[in-house]
Structure formats: structure tokens, C-alpha cells
Amino acid sequence: ALPIFYESPHRIAKTLSQLSEILGPNRVACVSREISKKFETHHRGTLEELHTYFSTNEPLGEMVLCVSGAMPVKKKGKYNEEEDDQDSLNYQNSEH
């Protein structure tokens, strides 16, 4: 599942920090601003990278935050190279 949050520009840095603590700093996410408007922008990266960016760059406008799902964890001793290759392809082909 892809969690989607509508967030205030005044709270986006704090929200990214909290999600980074809970979900892990390397979880991939996208913050979109002013969707379907003239000045639409998208910032993609890890939760940690996005937190750093929005802590130093004051955000303006309507904010939408999309957080990727967790990557599958391989069970110990159950490595399947074919599955791993498919997981890598799915991740590379997804927009993030």
C-alpha cells in the first residue's frame, strides 16, 4: 500500500522527521507541491534527504507526501535469485 498524506507546509519537515524515525530514514518518498497548478513541483528521495531539504528550504503551498511501501525482507536461508531479480526490476521501473 502507498500511504498518501496531505500536509501543511508548516508541518512537513516535522512529519518527515517523525516518519523517518518510525519507518526508517532510507524509506523512499515524494513530496509534491501545488499539484495540477502552474508551479507544480516534486521532490523525491529518502525520508532523511527530504527532511534535510525541507528543514533548510521553506516550503509553500499545498503539500502531498507519498511514502513507498517497505521493501520485502528475504527470509534467512530462503534466498531466491529469480525473485530478487524481479523485485529489483519492479523497484527500478517504479516512479520514485
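For the structure given in this document, a descriptive report is provided here. (Residues numbered from 1 in each chain as written. Predicted model: local features only at pLDDT ≥ 70, side-chain atom pairs only at ≥ 80, totals over all residues. Heavy atoms only, no water.)

## What to know about the sheet that holds strand β4 (residues 63–67)
Consideration 1: Taken in spatial order, the four strands make up an open sheet running β1-β4-β2-β3, and their pairing is antiparallel. What marks the edges here is a single partner per strand, and that holds for β1 (4–7) and β3 (41–46). Taking the axes of each pair of neighbouring strands and ignoring which way they run, one obtains an average angle of 20° across the sheet.
Consideration 2: Looking at chain direction, strand β2 (residues 28–33) and β3 are connected through six bridges and run antiparallel. Within the sheet, the bridge partner assigned to Val31 lies in β3 and is His43.
Consideration 3: On top of the sheet, helix α1 (residues 12–23) reaches β1, β2 and β4; it is set at about 10° to β4, its chief contact. (Pairing = 2+ DSSP bridges. Helix = DSSP H or I, 4+ residues; strand = E, 2+ residues; numbered from the N terminus. Axes fitted to C-alpha atoms, helices over the stretch in contact; angles between N-to-C directions. Contact = heavy atoms within 4.5 Å.)

## Notes on the environment of Thr41
Consideration 1: Note that Thr41 resides in strand β3.
Consideration 2: Judged by its relative accessible area of 24%, Thr41 falls in the partly exposed class.
Consideration 3: Separated by 22 residues in sequence, Thr41 and Met63 have C-alpha atoms that sit 9.8 Å apart.
Consideration 4: Non-local contacts of Thr41, meaning those with residues more than four positions away in its chain, are made with Val31, Ser32 and Arg33. (Buried < 20%, exposed > 50% of the residue type's maximum accessible area, 1.4 Å probe, protein only.)

## Quick notes on the state of the cysteines
Consideration 1: In the structure shown here, the tally under the stated rule is zero disulfides.
Consideration 2: Cys30 forms no disulfide, and the closest cysteine sulfur to it belongs to Cys66, at a distance of 6.0 Å.
Consideration 3: Relative accessible area serves as the criterion here: at 12%, Cys30 is assigned to the buried category. (Disulfide = S-S within 2.5 Å.)

## Quick word on the pattern of salt bridges
Consideration 1: Scanning the entire structure with this criterion turns up three salt bridges.
Consideration 2: Measuring nitrogen to oxygen at the nearest pair gives 3.4 Å for the salt bridge that ties Glu34 to Lys37.
Consideration 3: Given a relative accessible area of 15%, Glu34 falls into the buried group.
Consideration 4: By relative accessible area, Lys37 is classed as partly exposed at 40%.
Consideration 5: Each of Glu34, Lys37 and Glu62 takes part in one network of salt bridges that share partners. (Salt bridge = Lys/Arg side-chain N within 4 Å of Asp/Glu carboxyl O.)

## Re the packing of aromatic side chains
Consideration 1: Summed over the entire model, instances satisfying the criterion amount to one aromatic pair.
Consideration 2: A ring pair is formed by Tyr53 and Phe54, whose centres lie 5.0 Å apart and whose planes are at 90°; its orientation type is edge-to-face. (Phe/Tyr/Trp six-rings, centres within 6.5 Å; stacked < 30°, edge-to-face > 60°.)

## Points about the pairing of β2
Consideration 1: The element β2 is largely enclosed, with a buried count of five among its six residues.
Consideration 2: Two elements, β2 and β4, share five bridges in a ladder whose sense is antiparallel. Bridging across to β4, Ser32 finds its partner in Val64.

Bear in mind that shape data such as this cannot, by itself, settle questions of function.
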